[in-house]
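# Descriptive structure summary
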Amino acid sequence: MSNVLTPASGNRRAWLVCLGCGLSLFTVMGLGVNAFTVYQPYLLELEHFTNAQGSWITTVRSLFGMLSMATADTLCRRYGLRRVIAAGLGCFVLSYFLFGAAHSFLSYCAAAVFSGLAYGYGGMVPLTLVISHWFQEKRGFALGLMAAGTGISTILSPPLLTHAIQQAGLRFAFWAEGIFGLVLTLFVVLLIRDRPEELGLLPYTQGREGPASQVERDKPKGFTPLLWWVAVAAAFFTGGPCGPGFSHLTVLYTGEGYSAGTVALLISYFGIILMISKVLYGVLSDALGSRWANYFTFGAGILGLCLCCLASIHSIPLAGAALTLTALGMPLSSVSLSVWAGELSGGRDYDRLVKWLSTSYMLGALVTGPIPGILADRFGSYIPAYALFAGCLVCSMVLIQGVYHKLGVGNKPKNR
């Protein structure tokens with residue numbers, strides 16, 4: 001290559017890669033998972049599914065999301081990050097075309113299989129590795145900015161999907177989302193590259209001349225196998241609150257008498273806070289250390305889920321407060337896991353820990369997936385499930401913060 005490439009060249013391209021990662025997460029997590037909550041009440045009403053069947057559809061998605069996360073790093077090493085991400089997005093498109101053609105509970109579950117594969121292969125595991133290759137510094141902010149894409153989809157999609165379903169039908173909404181996903185896939189493939197070295201560029205640095213430092217940090221001393229499993233368990237306990245806990249918000253509030261239009265607006269508002277929260281977690285981690293970012297996120301999420309338990313009061317301001325705080329706790333499903341891995345690992349262990357934390361999170365979502373529907377069929381309300389989810393977040397906070405304190409990690413970064 002004849003042109004002399006500077007760190008600034010790599011810096012500019014790194015943000016385009018971050019945009020591509022954000023679009024991928026916008027698709028497989030934002031549209032494939034977060035926006036699917038809009039469909040839940042209509043599946044119960046139009047397809048005459050029970051509450052438990054509605055929960056089982058998302059549980060199937062979680063199962064195959066977990067399996068794909070467990071194999072994502074192996075496939076990435078063999079085929080490359082970009083190819084695996086493209087395959088994940090292809091699974092998303094296929095899943096929504098299948099949802100549009102589904103006429104039975106089993107066919108909906110079959111479509112959910114591909115939605116789960118999309119979540120694993122086009123989601124946080126490969127995208128976190130892309131960001132780690134392209135960003136030597138500002139990695140927490142880049143992860144938060146990337147994950148904010150899920151918030152944008154949660155803002156825009158609920159009113160649009162609700163209108164599409166009510167005016168043109170459930171199947172039209174599914175097919176339209178599949179076509180939109182195909183367009184987004186093309187943009188992602190154009191923007192993402194595995195490493196800056198492929199383009200003769202350097203990873204993102206803050207204005208330093210010369211090559212970026214490639215010194216790899218060692219994992220903290222004293223990070224024993226027992227503490228490793230405690231961290232994995234902490235990720236497991238976030239699966240219920242951030243997975244089924246989010247996907248059942250619409251049926252929680254519609255079941256307590258809120259109109260579909262009101263709930264759609266509340267979920268859009270949730271998306272605004274979700275977008276802010278993921279960037280905020282990254283900024284707080286870079287500025288104050290992830291230990292304090294964890295306390296803030298856990299505290300907000302626990303309080304938000306407790307307020308969700310008051311949904312029967314039928315107060316719009318109270319519902320708004322519940323969704324605000326719950327959304328501020330949602331980085332625990334994505335950005336937090338990557339940041340935890342960065343604090344607790346070093347070198348090649350980072351890839352491995354990202355995979356295990358993400359897989360454990362999905363296992364938690366899988367195990368708890370049927371519980372909201374089962375409890376709703378038993379007690380006539382989704383409120384008991386949200387009390388359970390609040391308890392799960394308390395357990396997760398105690399575990400991961402205990403590991404942080406034991407190892408002395410996550411403190412405010414020292415000035416460079």
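Residues numbered from 1 in each chain as written. Predicted model: local features only at pLDDT ≥ 70, side-chain atom pairs only at ≥ 80, totals over all residues. Heavy atoms only, no water.

## Focus on the pattern of salt bridges
Within the structure shown, the criterion is met by three salt bridges. In this structure, Arg77 and Asp73 form a salt bridge, with 3.4 Å as the shortest nitrogen-oxygen distance. Here Asp73 and Arg77 lie together in helix H3 (residues 51-79), a separation of four residues that amounts to about one turn. Assessed through its relative accessible area of 62%, Arg77 is described here as exposed. The partner of Lys355 in a salt bridge is Asp73, and the shortest N-O contact between them spans 3.8 Å. Placement of the pair is Lys355 in helix H16 (residues 349-368) and Asp73 in helix H3, with a sequence separation of 282 residues. The pair Lys355 / Asp73 is uniform in exposure class, with both members buried. Linked through salt bridges whose partners overlap, the residues forming this network are Asp73, Arg77 and Lys355. (Salt bridge = Lys/Arg side-chain N within 4 Å of Asp/Glu carboxyl O. Helix = DSSP H or I, 4+ residues; strand = E, 2+ residues; numbered from the N terminus. Buried < 20%, exposed > 50% of the residue type's maximum accessible area, 1.4 Å probe, protein only.)

## A closer look at the environment of Ile276
Here Ile276 is to be found in helix H12 (residues 260-288). Through-space distance from the C-alpha of Ile276 to that of Gly151 is 7.7 Å; in sequence the pair is 125 residues apart.

## Topic: the packing of aromatic side chains
Two numbers describe a pair of aromatic rings. These are the distance of the centres and the angle of the planes. With the rule as written, the count across this model stands at 25 aromatic pairs. Taking the centre distance of 4.8 Å and the plane angle of 35° together, the rings of Phe92 and Tyr96 count as tilted. Within this pair, Phe92 and its partner Tyr96 are both found in helix H4 (residues 81-101), separated by four residues, close to a single helical turn. Ring pairing ties together the aromatic residues Phe36, Tyr39, Phe49, Phe92, Tyr96, Phe99, Phe105, Tyr108 and Phe174, which thus form one cluster. The ring of Phe379 is capped by Arg378, whose NZ or CZ atom sits 5.0 Å from the centre of that ring. (Phe/Tyr/Trp six-rings, centres within 6.5 Å; stacked < 30°, edge-to-face > 60°. Lys NZ or Arg CZ within 6 Å of the ring centre and 35° of its normal.)

## Brief notes about helix H6 (residues 124-134)
In terms of burial, H6 is largely enclosed, as 11 of its 11 residues are buried. Those residues of H6 that sit buried are Met124, Val125, Pro126, Leu127, Thr128, Leu129, Val130, Ile131, Ser132, His133 and Trp134.

## So, the side chain of Thr250
For Thr250, the position within the fold is in helix H11 (residues 249-255). Take Thr250: its relative accessible area is 4%, and that puts it in the buried class. There is a polar contact of 2.7 Å between the side chain of Thr250 and the backbone oxygen of Thr37. Beyond its immediate stretch of four places on either side in the chain, Thr250 contacts Thr37, Val38, Gln40, Pro41, Val263 and Ile267. (Polar contact = N/O pair within 3.5 Å; in protein donor to acceptor, adjacent residues only side chain to side chain. Contact = heavy atoms within 4.5 Å.)

## Considering unusual backbone geometry
Even without glycine at this site, His48 takes up a positive phi of about 60°. Relative to the elements of secondary structure, His48 occurs in the loop between helix H2 (39-46) and H3. A positive phi is found at His314, a non-glycine position, where the angle reads about 60°. With respect to the helices and strands, the residue His314 is situated in the loop between helix H13 (290-308) and helix H14 (316-328). Given a relative accessible area of 42%, His314 falls into the partly exposed group.

## Quick word on the packing of H6 against H16
At their nearest, the axes of H6 and H16 sit 10 Å apart, and the two run at 150° to each other. When the interaxial angle is binned, H6 and H16 end up roughly antiparallel. Where H6 crosses over H16, the two elements pack in a sense that is right-handed. Along the contact surface, H6 presents Val125, Thr128, Leu129 and Ser132, while H16 presents Tyr350, Asp351, Val354, Lys355 and Ser358. Split into classes, the residues belonging to the contact of H6 with H16 amount to four nonpolar, three polar and two charged. (Axes fitted to C-alpha atoms, helices over the stretch in contact; angles between N-to-C directions. Parallel < 35°, antiparallel > 145°, perpendicular 65-115°, else oblique. Left-handed = near helix turned anticlockwise from the far one by under 90°. Nonpolar A, V, L, I, M, F, W, Y, C, P; charged D, E, K, R; others polar.)

## Points about a nonpolar patch on the surface
A contiguous nonpolar patch, built from Phe97, Trp175 and Ile179 and spanning about 290 Å² of accessible area, is present on the exposed surface. When you line up the elements, Trp175 lands in helix H8 (residues 170-191). (Patch = residues over 30% accessible without salt bridge, like charges linked within 9 Å, V, L, I, M, F, W, Y side chains within 5 Å. Areas by Shrake-Rupley, 256 points an atom, 1.4 Å probe, with all protein chains shown as cover.)

## A closer look at the nonpolar core
It is characteristic of soluble globular proteins that their nonpolar side chains tend to be buried jointly. Ranked by internal contacts, the top residues of the largest apolar core, which has 131 residues, are Tyr253, Trp340 and Tyr386. In this structure, Trp340 is in contact with Ala234, Ala235, Thr238, Tyr281, Asn294, Phe298, Leu332, Leu357, Ser396, Ile400 and Tyr404, ignoring residues within four places of it in sequence. (Core = buried A, V, L, I, M, F, W, Y, C linked by side-chain atoms within 4.5 Å.)

## A look at the confidence of the model for the protein chain
With 93% of its residues at a pLDDT of 70 or more, the protein chain has an overall mean of 87. For the stretch residues 209-215, pLDDT sits under 50, and the model shows 11 contacts to residues farther than four places along the chain or on other chains. (pLDDT = per-residue confidence, 0-100.)

## Details of the side chain of Asp73
Looking at Asp73, the relative accessible area reads 7%, which means it is buried. Excluding residues within four positions of it along the chain, Asp73 makes contact with Val125 and Lys355.

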